Amino acid sequence: MGSCCSSNSVEVRTDARQAAQCPCCGTSAKPVGKATLMHQVVAPLNQQLPPDTFFFCSAHGCETVYFSNAGAVIKTAQVRSEVGQKSTKSDRVLCYCFDVSHFRVMREIATTGFSTSKAFVVEQTKLKNCACDTRNPSGKCCLKEFPK
Ligand SMILES: [Zn+2]
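Counting starts from 1 at the beginning of each chain's written sequence and moves along it residue by residue. Side-chain atom pairs in this predicted model are given and counted only at pLDDT of 80 or more, local residue features only at pLDDT of at least 70, and totals for whole chains, interfaces and linings cover all residues.

A. Quick peek at unusual backbone geometry. Backbone torsion omega between Ala-43 and Pro-44 reads 0°, so that peptide bond is classified as cis. Helical segments are the DSSP runs of H or I of at least four residues, strand segments are the runs of E of at least two, and each set is numbered from the N terminus. Here Pro-44 shows up in the loop between helix H1 (34-40) and strand E3 (54-56). A positive phi angle, near 60°, is found at Asp-99, a position not held by glycine. Within the secondary structure layout, Asp-99 lies in the loop between strand E6 (93-95) and strand E7 (100-101). Of the residues examined, Asp-99 has 11 C-beta atoms within 10 Å and is grouped as exposed. The phi dihedral of Lys-128 is positive, around 60°, even though this residue is not glycine. Looking at the secondary structure, you find Lys-128 in the loop between helix H3 (116-126) and helix H4 (132-135). Exposure classification rests on a simple neighbour count of other C-beta atoms within 10 Å of a residue's own: a residue reaching 20 or more is buried, one at 12 or fewer is exposed, and one in between is partly exposed. C-beta atoms are placed from the backbone. Using a count of 11 C-beta atoms within 10 Å as the deciding quantity, one classes Lys-128 as exposed.

Structure representation (structure tokens):
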């Protein structure tokens, strides 16, 4: 299931580093693709991204969203929407593809013991109807963010 978003990715990443420390908070961060950046970063900054490998920092309280090998930094105010991974708000977004919030999932579980929204996302992911590589700031599958 974790490979749902890599199956349709034809981009070959040539960087050697599969993780890097955020220069702001020191958290280990995973690389993101150029398409993710161009969809997430505000204009006109998204038209001026250096040809460098960028990484995504998911740490709460850290204002750095993306940083590059060469030291470029993109902060929370420079991305188009709130980064759910960095938020502790109850209504933070879990699934950017289908607009599912943490609040919705928790309410479903509290009411029925089962999250129909999560089941929907699982199903759509299997059908490859998700768009995590451009919708999710991490570029990774939204299901990772759901409560177990
Ligand atoms: Zn950070």
